[in-house]
There are 2 protein chains.
Amino acid sequence: MTDTPVARVGVGRVTIRDVARAAGVSVATVSKVINGRDGIADATSARVLGVVAELGYESSLVATSMRRRRTNVIGVLVAEFEPFALQLLRGASSALQGTDYDILAYAGSVSAGEHTGWERRSLSRLGGTLIDGAIIVTPTVALPESSVPTVAVDPHTGPTGPATVDTDNLGGARAATEHLISLGHRRIGHIRGRGDLESARLREQGYREALAAAGIPFDPRLVTVGAYRTAESTPAATALLDLAEPPTAVFAANDLSAIEAIRVATARGLRIPQDLSVVGFDDIPEAVASSPGLTTIRQSLPEMGAAAVRLLLDMLGGSQPEHIRMPAELVLRGSTARPKE
Amino acid sequence: MTDTPVARVGVGRVTIRDVARAAGVSVATVSKVINGRDGIADATSARVLGVVAELGYESSLVATSMRRRRTNVIGVLVAEFEPFALQLLRGASSALQGTDYDILAYAGSVSAGEHTGWERRSLSRLGGTLIDGAIIVTPTVALPESSVPTVAVDPHTGPTGPATVDTDNLGGARAATEHLISLGHRRIGHIRGRGDLESARLREQGYREALAAAGIPFDPRLVTVGAYRTAESTPAATALLDLAEPPTAVFAANDLSAIEAIRVATARGLRIPQDLSVVGFDDIPEAVASSPGLTTIRQSLPEMGAAAVRLLLDMLGGSQPEHIRMPAELVLRGSTARPKE
DNA sequence: CTGAAAGCGCTAACAC
DNA sequence: GTGTTAGCGCTTTCAG
């Protein structure tokens with residue numbers, strides 16, 4: 001304290017060695033003080049703490065996690081930060097309040113550009129070191145035997161193997177399609193989700209089942225792929241509307257696709273819902289903001305995120321993996337109506 | 001390949017040593033192959049790559065970043081994952097598409113519970129090791145001399161020192177209050193933002209200036225603190241409505257507070273906007289979903305996030321820090337009307 | 001072309 | 001009570 005510290009903040013990080021030097025003790029002693037290990041003289045402890053405060057030292061998460069087993073951070077691994085993942089994140093974050101875990105979210109395929117395999121990559125890169133447990137959002141692949149407890153949200157595999165939280169995709173899709181049918185639509189298009197995802201398969205299956213139950217023949221030309229993303233949904237919606245006999249209603253596999261379909265249709269001069277009815281899936285915040293408001297299938301994303309956190313926390317505490325299925329229900333807003341003719 | 005690998009996936013991470021052993025080469029060689037360093041025989045390289053694929057090896061982000069200078073990861077540091085931060089994150093994430101950076105978001109005060117100082121803590125814990133640059137959302141404190149380039153969004157300090165992206169808080173708040181005044185309100189409450197934030201101060205100042213310009217005396221009882229959070233806004237709104245002479249309109253410092261004020265008022269049997277007009281600030285997706293839709297001041301959060309990323313990328317490329325100010329504009333929805341009497 | 005050795009910042013045994 | 005040592009997984013000189 002009287003000794004002017006040699007290393008001042010400014011350039012580079014303040015490391016534990018800077019603290020040790022300034023306090024005139026060994027690195028190990030500083031470590032013990034910081035981590036509250038006992039067997040340190042009060043005077044020493046006070047002095048070290050003083051230097052820590054003065055230098056503004058914080059231990060590096062990276063270095064700490066290399067050495068320790070636990071980091072007390074749980075990771076949410078996503079492909080990119082789109083609304084679906086963000087809502088989940090929100091629920092996960094609030095479920096973690098009051099626990100002693102911090103939360104970190106990692107978007108693994110932003111730079112990679114590739115869609116496939118990011119889950120394994122992210123899990124390998126972060127698991128076992130940076131994070132104590134992981135929540136993976138919409139994995140494409142079966143989860144690898146992972147070094148850390150993992151729960152998958154909306155998984156490819158369906159509820160087998162590792163812990164999962166998913167939605168009643170089949171029932172929701174059926175409800176969406178039945179709603180359209182009950183309005184009187186017979187020519188109903190479907191903008192499919194991402195090819196490799198189980199949820200996309202189930203939502204299409206629900207669509208088909210509802211059609212079949214109503215005695216409406218399935219027409220493959222009425223199904224295009226939006227891959228759950230806005231960019232891919234533009235051509236998907238365009239293709240549907242370009243059909244010689246275009247659909248009077250569209251069930252989109254998620255809200256992002258549905259909102260894009262509305263945009264495309266509106267740009268072509270179609271009125272929603274008079275000329276085209278659109279139903280989405282998810283009920284993201286943007287759904288109610290679209291105009292007209294989007295009729296959709298609600299899955300409570302924050303609740304799913306919170307459920308995933310609770311599951312993970314249990315597993316971290318030694319419990320067995322479980323499977324949780326959340327309900328999906330129709331929310332009526334303004335984007336659906338009876339067909340014109 | 002003919003040699004049966006000893007260590008199989010399963011338990012623990014696959015490390016570079018497992019790969020080295022299975023491929024019959026040294027750890028150093030594996031590292032070179034993975035990082036594309038030259039001076040490796042094609043045959044060796046191919047063999048190593050084969051083992052890597054077979055074992056599903058990915059280098060640990062943590063270990064790599066300890067040794068290397070760059071990680072190609074940029075960090076978004078937030079207090080918690082609430083809607084404001086999430087929207088920013090969304091913009092940041094999409095602005096990063098196509099670059100070779102990945103993005104990681106860290107919520108630093110989830111476990112800490114403490115509100116203050118998380119920025120410095122997070123920055124110290126991640127900067128210099130895990131991330132190449134940081135975007136900090138709403139810092140309480142002046143940024144420390146940081147080891148990595150940093151841009152602050154909605155900073156305490158206002159546009160001085162480090163790079164910042166902020167909103168025209170003063171102008172927006174004035175516009176919100178003027179709107180209420182132009183409707184005929186004279187008794188206008190304000191739910192203030194978090195005490196230590198510059199944005200909260202500026203929004204209150206805008207409120208006061210608008211009042212003064214209209215010749216309406218400032219009444220301190222009409223200002224309560226919601227701290228930008230739902231939980232704190234409940235008592236703040238309640239206190240306002242409990243006043244002997246309650247306000248006929250409220251300008252809340254952010255949408256979360258405004259929405260909570262609407263909830264509290266509605267629960268008391270007040271009708272919005274007939275009995276109470278409410279204006280928010282931010283225009284988060286939830287604003288349009290509230291009923292009635294929330295009249296608010298829009299700041300485009302995704303655009304701010306994207307601007308922050310561009311700034312940071314420039315700085316990583318050697319540019320000087322800059323200050324960007326985004327516009328804030330009034331969005332009329334259903335939560336405001338003329339006062340009754 | 002390949003491997004041995006050092007070291008990033010930190011913690012955990014084990015000495016002193 | 002405190003310091004020394006080893007080592008987490010990886011990259012990087014520098015020898016061979």
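Per chain, residue numbering runs from 1 following the sequence as it is written. Chain labels run from A onward and ligand labels from 1 onward, assigned in the order the entries are written. Thresholds applied to this predicted model are a pLDDT of at least 70 for local features of residues and 80 or more for the giving and counting of side-chain atom pairs; totals over whole chains, interfaces and linings are not thresholded and use all residues.

**Q** Which residues make up the overall build of chain A, and what are the values?
**A** By the criteria applied, helices consist of DSSP H or I runs no shorter than four residues and strands consist of E runs no shorter than two, each listed in order from the N terminus. When you go through chain A residue by residue, the secondary structure sums to 12 helices and 12 strands. Here the C-alpha coordinates of chain A stretch approximately 90 × 40 × 30 Å along the principal axes. A residue pair is marked as a contact if its C-beta atoms, positioned from the backbone, fall within 7 Å. Long-range pairs, those at least 24 residues apart, make up 69% of the contacts in chain A between residues at least 6 apart in sequence.

**Q** Any details on the nonpolar core? Residues and values, ideally.
**A** Formed by 172 residues in total, the largest nonpolar core has its most connected members in A92, I135 and A308 of chain A together with A92, I135 and A308 of chain B. Apart from the residues lying within four places of it in its own chain, the contact partners of A92 of chain B are V76, I103, I135, G305, A306, A308 and V309 of chain B. To form a nonpolar core, buried Ala, Val, Leu, Ile, Met, Phe, Trp, Tyr and Cys residues must be joined through C-beta atoms within 7 Å. Burial in this document is a count-based property: other C-beta atoms within 10 Å of a residue's C-beta are tallied, and the residue is buried at 20 or more, exposed at 12 or fewer, or partly exposed in between, with C-beta positions derived from the backbone. Among the nonpolar cores identified, the runner-up in size contains 11 residues, and V14, V48, V51 and V52 of chain A belong to it.

**Q** Would you mind going over the protein's contact with DNA strand D in detail, with residue names and values included?
**A** Only the C-beta atom matters for nearness: placed from the backbone, it must lie within 6 Å of the molecule or strand for the residue to count as near. Taken together, 26 residues sit near DNA strand D, with A28 of chain A together with T15, I16, A28 and S31 of chain B positioned nearest. Mapped by element, the contributors of at least two residues to the surface near DNA strand D are α2 (27-34) and α4 (61-67) of chain A together with α2 (27-34) and α4 (61-67) of chain B. Broken down by element, the residue count for the surface near DNA strand D peaks at five residues, all from α2 of chain B. Residues of the surface near DNA strand D, tallied by class, amount to 11 nonpolar, 10 polar and five charged. Amino acids outside the nonpolar list (Ala, Val, Leu, Ile, Met, Phe, Trp, Tyr, Cys, Pro) and the charged list (Asp, Glu, Lys, Arg) are all regarded as polar, and Gly is one of them.

**Q** Tell me what's going on with the protein's contact with DNA strand C, and back it up with residues and numbers.
**A** Residues in close proximity to DNA strand C total 25 residues, the closest being I16, A28, S31 and A63 of chain A together with A28 of chain B. When contributions to the surface near DNA strand C are tallied by element, the ones reaching two or more residues are α2 and α4 of chain A together with α2 and α4 of chain B. Looking at the surface near DNA strand C, its residues break down into 11 nonpolar, 10 polar and four charged.

**Q** Outline α2 of chain A, listing residues and values.
**A** A turn of α-helix holds 3.6 residues, and therefore any two residues three or four places apart point the same way. Residue and element names in this part refer to chain A. Listed as buried for α2 are T29, V30 and V33. Buried residues of α2, viewed axially, fall in a sector of 100 degrees; they line one side. Contacts from the buried residues of α2 go to α1 (16-23) and α3 (42-55). With its phi angle positive at about 65 degrees, G36 sits one or two positions after the end of α2. Directions from the helix axis toward the C-beta atoms define the arc.

**Q** Which residues make up the interface of chain A and chain B, and what are the values?
**A** Each side of the interface is counted separately: chain A has 50 residues, and chain B has 50 residues. Those elements giving two or more residues to the side of chain A that touches chain B turn out to be α4, α5 (83-96), β2 (102-107), α6 (118-126) and α11 (285-289) of chain A. Tallying contributions element by element places β2 of chain A first for the side of chain A that touches chain B, with six residues. Residue classes in the side of chain A that touches chain B are distributed as 22 nonpolar, 17 polar and 11 charged. Any two strands are treated as partners once DSSP identifies two or more bridges connecting them. With five bridges joining them, β2 of chain A and strand β2 (residues 102-107) of chain B adopt antiparallel strand pairing. Looking at the pairing, A105 of chain A lines up with A105 of chain B of β2 of chain B.

**Q** Which residues make up the pairing of strand β6 (residues 188-192) of chain A, and what values go with them?
**A** Residue and element names in this part refer to chain A. Where burial is concerned, most of β6 is hidden: five out of the five residues are buried. Both faces of β6 are covered, namely the face carrying I188, H190 and R192 and the face carrying G189 and I191. Alignment of β6 against strand β7 (residues 223-225), held across three bridges, turns out to be parallel. If you follow H190 over to β7, its bridge partner there is V223. Seen with its strands pointing away from the viewer, a crossover is right-handed if its path from the first strand over the helix to the second goes clockwise. Handedness of the crossover joining β6 and β7 through helix α8 (residues 198-213) is recorded here as right-handed.

**Q** Explain the environment of I40 of chain A residue by residue, including any values.
**A** Residue and element names in this part refer to chain A. Within the secondary structure, I40 sits in the loop between α2 and α3. I40 sits in the partly exposed class, given 16 other C-beta atoms within 10 Å. Residues I40 and T29 lie 11 residues apart in sequence; the distance between their C-alpha atoms is 7.8 Å. Setting aside its immediate chain neighbours within four residues, I40 contacts T29, K32, V33 and S45.

**Q** I'd like a rundown of the packing of α5 of chain A against helix α5 (residues 83-96) of chain B, residues and numbers included.
**A** Axes are the key here: two packed helices are described by the angle between their axes and the distance separating the axes. Simply put, an axis is a line fit to the C-alpha atoms, just over the touching stretch for a helix, and the angle between two N-to-C directions goes from 0 to 180 degrees. Relative orientation of the contacting elements α5 of chain A and α5 of chain B amounts to 145 degrees, with a least axis distance of 10 Å. At the point where α5 of chain A passes α5 of chain B, the crossing takes the right-handed sense. Of the residues in α5 of chain B, those in contact with L86, L89 and R90 of chain A of α5 of chain A are L86, L89 and R90 of chain B. By residue class, the composition of the contact of α5 of chain A with α5 of chain B is four nonpolar, no polar and two charged. In a left-handed crossing the near helix is turned counterclockwise from the far helix by less than a right angle, and in a right-handed crossing that turn is clockwise.

**Q** I'd love a proper account of the relation of the copies chain A and chain B, names of residues and values included.
**A** It takes a turn of 180 degrees to lay chain A on chain B, together with a shift of 0.0 Å along the axis; the resulting RMSD is 0.1 Å. In symmetry terms, the pair is related by a two-fold rotation axis. Looking at the interface residues of chain A, 100% of them are also at the interface in chain B, so both copies use one shared face. A least-squares fit on C-alpha atoms brings the copies together, and the residues used are those whose pLDDT is at least 70 in both copies.

**Q** Any chance you could break down the sheet that holds strand β6 (residues 188-192) of chain B for me, citing the residues and the numbers?
**A** Residue and element names in this part refer to chain B. Strand order across the open sheet formed by four strands is β7-β6-β8-β9, with parallel pairing between neighbours. Only two strands of the sheet have a single partner each, and these edge strands are β7 (223-225) and β9 (277-279). Taken pair by pair, the neighbouring strands of this sheet meet at an average axis angle of 20 degrees, ignoring direction. Against the sheet, helix α8 (residues 198-213) touches β6, β7 and β8 (249-252), its axis set at about 175 degrees to β6.

**Q** Break down the packing of helix α9 (residues 230-242) of chain A against helix α10 (residues 255-267) of chain A for me, citing the residues and quoting the values.
**A** Residues and elements named next belong to chain A. Running from N to C, α9 and α10 point in directions that differ by 50 degrees, and their axes come no closer than 8 Å. Classified by the interaxial angle, the pair formed by α9 and α10 is oblique. Between α9 and α10 lies a crossing of right-handed hand. When α9 is examined against α10, the residues T230, S233, T234, A236, A237, T238 and L241 are found in contact with a partner set consisting of L256, S257, E260, A261, V264 and A265. Among the residues forming the contact of α9 with α10, the class breakdown is seven nonpolar, five polar and one charged. Every angle not falling under 35 degrees, over 145, or within 65 to 115 is termed oblique; those three ranges are roughly parallel, roughly antiparallel and roughly perpendicular.

**Q** How would you summarise the confidence of the model for chain A if you had to cite specific residues and measurements?
**A** Known as pLDDT, the predictor's per-residue confidence is scaled from 0 to 100. For chain A, the average pLDDT comes to 89, and 90% of its residues sit at 70 or higher. This stretch, residues 1-11 of chain A, has a pLDDT under 50; its non-local contacts, to residues over four places away or in other chains, come to 11 contacts.

**Q** With reference to specific residues and values, describe the sheet that holds strand β8 (residues 249-252) of chain A.
**A** Residue and element names in this part refer to chain A. Spatial strand order, β7-β6-β8-β9: four strands in an open sheet with parallel pairing. Two strands lie at the open edges of the sheet, namely β7 and β9 (277-279), each paired on one side alone. Each neighbouring strand pair of the sheet contributes to a mean axis angle of 20 degrees, computed without reference to strand direction. Pairing between β8 and β9: three bridges, direction parallel. Paired with V250 across the two strands is V278, which belongs to β9. Sitting on the sheet, α8 touches β6, β7 and β8, and the angle it makes with β6 is about 175 degrees.

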